[in-house]
Structure formats: C-alpha cells, structure tokens
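Now for the letters of each chain:
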Amino acid sequence: RVEELLYWLRRLEQEQRIPILPVYVDSPMAAEALRFYTARVSELDPDIRPTEKGVAAFGSTRFQTISTPQESKALTASRERAIVISSSGMATGGRVLHHMAAALPDPRHTMLFVGYQAPGTRGRQLVDGAREVRIHGRSVPVAAQVVKIDSMSAHADRGEILRWLRTLPRRPRRLCLVHGEPKPMSALQTSVKAQFDWDAMMPFHGERIEV
C-alpha cells in the first residue's frame, strides 16, 4: 500500500488538489519494497513509470525515505508540516507508534488508516472512536482527527478470489480458508462449494492437516 499511497499523493500534487508538503516514508520494510519496485520499473503499468530521466517512479515532489532510528526520532520531534507514511498498518508495532504517541494528542494532526483494521488492534480502537489508547505502556489521549479509507485494501475480495480459483489448472483435493474473519470466510466457503463443488474448509486453531 505504500507504493499506492505515494502514487496517489503524486497524482494529487500534479492536479494541484493538495499542497506540496514533505512526504516521508519511515518504514525499513516499505523502503526496501520501494527499492525493489524501482529496480523493476520497466515492468510496471505505463502510468506509474517515470516520464523523465531522474524522476522517481514512486515519490512526490518532496519525497524522502527515513533510514536510521536517529532520523526517525528527529522526524517525530520535528514541528514542520509533513506527511509521514509508516507501518504497521494496524498500528501494532514499529516506528509508527512513536509518531502516533507524538501526534495523537494534537488536534492539528490527522491519522489516516488505509487498510483493514482487525478487531483487537490499536488501529481498530482508533477508527472505532477511542479517545485514549495505550502506547509503550502509557495512556495517550486522542485529540487528532482519525479517518480511514476502505478502498485501498491490499487483499482480494470474494469476487477476485473466486476468479483466481477458476484459473487453477486442476481441482484441489481440499481448499483451506485460513485468513479472514469467520463470517466473511464462511460466506466464501459457501460460494466455493456452490460454484465449484470443492471440499472447502475453515481449519480451527491447532488443527493438523496432512498435505
């Protein structure tokens, strides 16, 4: 999702729909993924490839990756207006927690979640309207604006999964559904059985399956 966020930020800048602000990616894993995508930019869709030499495939006008913990700490302490993109997506750990602890008590900030927030996670608490969250063992008041975009999920929906299953070269002996919440997975299980007549199951925790 980091690559998609950067793509849309650049589009919004080009269309002059948002001001040009510093955009920081503070996530070692995301930075590594950006390097991977940039190295294979010729394989990307045409609208993502840079049109000029020296222009990054991913990144806004004032884009910068944060490399070291020291740079991350300096960014957290900075008072300049900026957009900070940091993982994890459900706010369960990592550098984002330091940014959240600094930003959440301040009503001038906006915390944007762009993916699904699972029940029990800190991200879910925030999008559900929590006025206080625990971060690094202390309570942090929530005065910042918390918003979310559901349309940027990186997971396929039921229709996309069913379309992908139709491409399998042969019928699987058993299909195990292991990722998702119980109700949506049960609906997917029903659809698979109805459309393909396959043995689709939802393994329970600790169940052993011989492959």
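Rules used throughout
Residues numbered from 1 in each chain as written. Predicted model: local features only at pLDDT ≥ 70, side-chain atom pairs only at ≥ 80, totals over all residues. Heavy atoms only, no water. Axes fitted to C-alpha atoms, helices over the stretch in contact; angles between N-to-C directions. Helix = DSSP H or I, 4+ residues; strand = E, 2+ residues; numbered from the N terminus. Parallel < 35°, antiparallel > 145°, perpendicular 65-115°, else oblique. Left-handed = near helix turned anticlockwise from the far one by under 90°. Contact = heavy atoms within 4.5 Å. Nonpolar A, V, L, I, M, F, W, Y, C, P; charged D, E, K, R; others polar. Buried < 20%, exposed > 50% of the residue type's maximum accessible area, 1.4 Å probe, protein only. pLDDT = per-residue confidence, 0-100.

### Side note on the packing of helix 3 (residues 69–77) against helix 4 (residues 96–103)
Argument step 1. Axis separation between helix 3 and helix 4 bottoms out at 9 Å; the angle between their running directions is 15°. Considering the angle they form, helix 3 stands roughly parallel to helix 4. The chirality of how helix 3 crosses helix 4 is right-handed. In this structure, helix 3 contributes Ser72, Leu75 and Thr76 to the contact, and helix 4 contributes His98, His99 and Ala102.
Argument step 2. The residue inventory of the contact of helix 3 with helix 4, partitioned by class, reads two nonpolar, four polar and no charged.

### A word on helix 4
Argument step 1. Counting buried positions along helix 4 gives six out of eight residues, so the element sits mostly inside the fold.
Argument step 2. Among the residues of helix 4, those classed as buried are Val96, Leu97, His99, Met100, Ala101 and Ala103.
Argument step 3. Where helix 4 is buried, its residues contact helix 3, strand 3 (83–85), strand 4 (110–113), helix 5 (122–127), strand 5 (132–135) and strand 6 (138–141).

### Section: the confidence of the model for the protein chain
Argument step 1. Here the protein chain averages 88 in pLDDT, while 94% of its residues score no lower than 70.
Argument step 2. Within the protein chain, strand 6 carries the highest mean pLDDT (97), whereas helix 2 (residues 28–39) carries the lowest (81).

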